[in-house]
Amino acid sequence: MRLELKSNSRKFEINSDKFWKDGYPFQIIGGDVHYFRVLPEYWEDRLLRAKALGLNTIQTYVPWNLHEPKPGETVFEGIADIISFLNLCKKLDLLVMLRVGPYICAEWDFGGFPYWLLAIKPALTLRSSDPTFVKLVERWWSILLPKVSSLLYANGGPIIMVQIENEYGSYGDDKTYLRHLAELARGYLGDEVILYTTDGGSKENLQKGTVGGDDVFSAVDFETGAEPWPIFNLQKQFNAPGKSPPLAAEFYTGWLTHWGEKIAQTDAEFTAAALEKILSRNGSAVLYMAHGGTNFGFYNGANTGGSESEYKPDLTSYDYDAPIKESGDVDNPKYKAIRKVVEQYSTVPLPSVPDNNARTSYGRIQLHRTCFLFDSLNVLGRQDVVQSENPLSMEVVGQMFGFLLYASEFASTDDGSMLTIPKVHDRGQVFVSCTSREDRPLYAGAIERWSNKPLHLPVTKCASRITLYVLVENMGRVNYGSYMFDMKGILSSVYLNGRVLLGWKMFSIPLHNLNEATTIHPIVQVGHSGVTRVLFNKSINKSDGATREPAFYAGSFHVNEVAQIKDTFISFQGWGKGVAYVNDFNIGRFWPSFGPQCNLYVPAPVLRVGVNSLVVLDLESPRPDLVLHSVDEPDFSCGKSKSSMHQL
């Protein structure tokens, strides 16, 4: 059967409960690959591996916060060069389902929303018809949608479908908001493109999350292993007659993992069998994920439980137990099992499977302490220090990610003091220091969002007032659920022996994030300047004594020739908690004591011939010998895991 088309016209459409491409029935066998989780140098490599898996379509989100990190400051270069990614899909004959948000979830910081939305007063009502919020979405889409419109399928590009919002039925029921998004998208993209929503496969979710009518197609997602066809029949109730091709827009190949959990894994044969139940009856499916990638920088998201204090941040790795592993490996049971199923239903021969990319171990890397974090504060300019009677949030002081150091003073007492901070997002390390002496700040303990308890400050005999420091880490904004309005820093009064402590200074320490210039902040320069001194064996503090004070550590490893540049992993076994940079590239957070991730992935394009620098900010206590190792394998066996294999 074929639909009649105008000569030489390109058209992707829905009719008779099927997808049609250029007049012929089409089964979407797709997979999510997020351009913002893969270095641009590896985009083609990962897409070719997806194509060899048998996929004909790539689905990706568009994270607003990556593209507009500050109001009116848009970024479409580097890992944010979505246009190049889409053109690459076109070159490789892969269709695209583009998920433009504005909310994306995706285990990505704040569900893709820019942090500065949290600083707007009065507070926005996110994901709603709130006029101020809607105007900001309109401004963002007025930049994004014209950029991608030329890449729609009807215009010669790869984009066959554009998703608005994301699983909205699990969050709200503001139909006016959804309809406005649809009208806005139509205004920029025209009437030919298929707009779609994706919601969990229950009647309640679909009632709340779908637009209704025949203007926006409603797709579903559901737990892998659930019987798909009753859910596809339910899907039909929320699409116009003849306009409901069965589509699982998120077919879960694995699952996410939080710090402190056992790495999520799902059985390969079970996953493949569940996929076959969909494909064998001409259903369409998009693998979530085909390739997970990495939450480089500070962009990982987080979840909460029944309260906002039940905070669970995501790992740096977004491997997801997907068929294409974090480093691109395809020689694994899940890739083989899924490919075997897809091959039965593909209308074209599958490309041959590429070899795994070579990985290597560069061995032992000796680090040295370059400076304590507190010693670097004197390089801050006035713009990086804010004074206020009460603590201010990270967003209010104009900071997106990283760390905020709070400082105040109090009078010493003979029997110590009790510190209470009811609301810290997400983790505050507490130190005290006698300003009349030159002793190092004394570590008092940590106040954590998930286990917030009063802290007894150590007795400090001091002729002057005592300085209290609270170093607060933003560990990733909540990306899903009712606690998404997730400001960071100290969000309450601070109490000392039951009395409110006033008079605060806030020192902004954002460090540099993914896709940002390395000269963005003076403290980064101080931390990195130690690398040069280490490399040239000049005077440097080489004391290896154990410390609980945050400090920068620097070292290097050597690559002799281009042929030796390969993917590697840095093992943080025995180190504390912090963030690491290789050649000024933020490879992400480490926390081996909490686990399960021990090693951070370092893609080959980050490396270079000659000297490769490694800078680590360890917030707690590094390995006594200050040694790291470059190894050739991932490792998710660290820490004391709280949960077992993810059961689907």
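How each quantity is defined
The numbers attached to residues start from 1 for each chain and follow its sequence in the written order. In view of the model being predicted, local features appear only for residues whose pLDDT reaches at least 70, and side-chain atom pairs are presented and counted only at 80 or more, with totals across whole chains, interfaces and linings using the full set of residues. Side-chain metrics rest on all non-hydrogen atoms present in the structure, leaving aside hydrogens and water. Here a Phe, Tyr or Trp ring, Trp counted by its six-membered ring, pairs with any other such ring whose centre lies within 6.5 Å, and the pair is stacked when the planes are under 30 degrees apart, edge-to-face when over 60, and tilted otherwise. Going along the chain from the N terminus, every DSSP run of H or I of four or more residues is numbered as a helix, and every run of E of two or more is numbered as a strand. Burial classification: accessible surface area is computed with a 1.4 Å probe over protein chains only, and a residue below 20% of its type maximum counts as buried, one above 50% as exposed, and the rest as partly exposed. Should the NZ of a Lys or the CZ of an Arg lie within 6 Å of a ring centre and within 35 degrees of the ring normal, that charge is described as sitting over the ring. Pairs of residues are marked as contacts when any of their non-hydrogen atoms sit within 4.5 Å. A strand pair is defined by DSSP finding two or more bridges across the two strands. An axis is simply a line fitted to the C-alpha atoms; with a helix, the fit covers only the stretch in contact. Between two such axes, the angle follows the N-to-C directions and lies from 0 to 180 degrees. The directions from the helix axis to the C-beta atoms are what the arc is built from. Angle categories: roughly parallel below 35 degrees, roughly antiparallel above 145, roughly perpendicular from 65 to 115, and oblique for all the rest. Here a crossing is taken to be left-handed if its near helix is turned anticlockwise relative to the far helix by less than a right angle, and right-handed if that turn runs clockwise. Salt bridge, as used here: a side-chain nitrogen of Lys or Arg that lies within 4 Å of a carboxyl oxygen of Asp or Glu.

Q: Tell me about the packing of aromatic side chains, and name the residues and values.
A: Throughout the structure, instances matching the rule amount to 42 aromatic pairs. Each ring, one from Phe374 and one from Phe431, has its centre 5.1 Å from the other, and the planes form 80 degrees; the classification is edge-to-face. Note that Phe374 is positioned in the loop between strand E15 (368–372) and strand E16 (385–388) and Phe431 in strand E20 (residues 427–434), a separation of 57 residues in sequence. On the basis of relative accessibility, which here comes to 10%, the residue Phe374 falls in the buried class. For Phe431, a relative accessible area of 0% corresponds to the buried category. One Lys or Arg, Arg10, reaches over the ring of Tyr153 and ends 3.8 Å from the middle of that ring.

Q: Report on the environment of Ala358, specifying residues and quantitative values.
A: Looking at the element boundaries, Ala358 is found in the loop between helix H9 (333–345) and strand E14 (363–366). Along the sequence, Ala358 and Thr294 sit 64 residues apart, while their C-alpha atoms lie 18 Å from each other. Every residue in contact with Ala358, bar those within four places of it in the chain, is listed here: Lys566 and Asp567.

Q: I'd like to hear about the sheet that holds strand E33 (residues 610–618), residue by residue, with values.
A: With antiparallel pairing, 5 strands are arranged side by side in an open sheet as E15-E28-E33-E30-E31. Because the sheet does not close on itself, it has two edges, and the strands there are E15 and strand E31 (585–590). Neighbouring strand axes in the sheet, compared pairwise and without regard to direction, differ in orientation by 25 degrees on average. Bridging between strand E30 (residues 578–582) and E31 involves 5 bridges; their strand directions are antiparallel. Paired with Gly578 across the strands is Phe590, a residue of E31.

Q: Could you give me a rundown of the pairing of strand E17 (residues 403–410), with the residues and numbers involved?
A: Burial analysis of E17 places 7 of its 8 residues in the buried class, which makes it a mostly covered element. With 8 bridges connecting them, E17 and strand E23 (residues 466–473) associate as antiparallel partners. Following the sheet pairing, Leu404 is matched in E23 by Val472. Strand direction decides the pairing type here: E17 and strand E27 (residues 504–509), joined by 5 bridges, are antiparallel. If you follow Tyr406 over to E27, its bridge partner there is Met506.

Q: Talk me through helix H3 (residues 82–91); I want residue IDs and the actual numbers.
A: For H3, the set of buried residues is Ile82, Phe85, Leu86, Leu88 and Cys89. All buried residues of H3 lie within an arc of 155 degrees about the axis, which places them on one face of the element. Looking one or two residues past H3, Asp93 carries a phi angle of roughly 60 degrees, positive in sign.

Q: Summarise the packing of helix H8 (residues 268–279) against H9; cite the residues concerned and give the values.
A: Direction vectors running N to C along H8 and H9 enclose 20 degrees, while the axes themselves pass 8 Å from each other. By the angle between their directions, the pair H8 and H9 is classed as roughly parallel. The handedness of the crossing between H8 and H9 is right-handed. Along its contact with H8, which presents Ala268, Glu269, Thr271, Ala272, Leu275, Glu276 and Leu279, the element H9 presents Pro333, Lys334, Ala337, Ile338, Val341, Val342, Gln344 and Tyr345.

Q: Before we move on, could you go through the pattern of salt bridges and cite the residues and values that matter?
A: Scanning the entire structure with this criterion turns up 34 salt bridges. Glu68 is paired through a salt bridge with Arg139; the nearest N and O atoms lie 2.9 Å apart. Of this pair, Glu68 sits in the loop between helix H2 (64–67) and H3 while Arg139 is found in helix H4 (residues 131–149), placing the two residues 71 residues apart along the sequence. For Glu68, a relative accessible area of 0% translates into the label buried. The residue Glu549 makes a salt bridge to Arg440 at a minimum N-O spacing of 2.5 Å. Residue Glu549 is located in the loop between helix H10 (522–535) and strand E28 (551–559), and its partner Arg440 is located in the loop between E20 and strand E21 (442–448); the two are separated by 109 residues in the primary sequence. Judged by relative accessible area, which is 2%, Glu549 ranks as buried. In this structure, a network of salt bridges that share partners links the residues Asp426, Arg449, Asp486 and Lys488.

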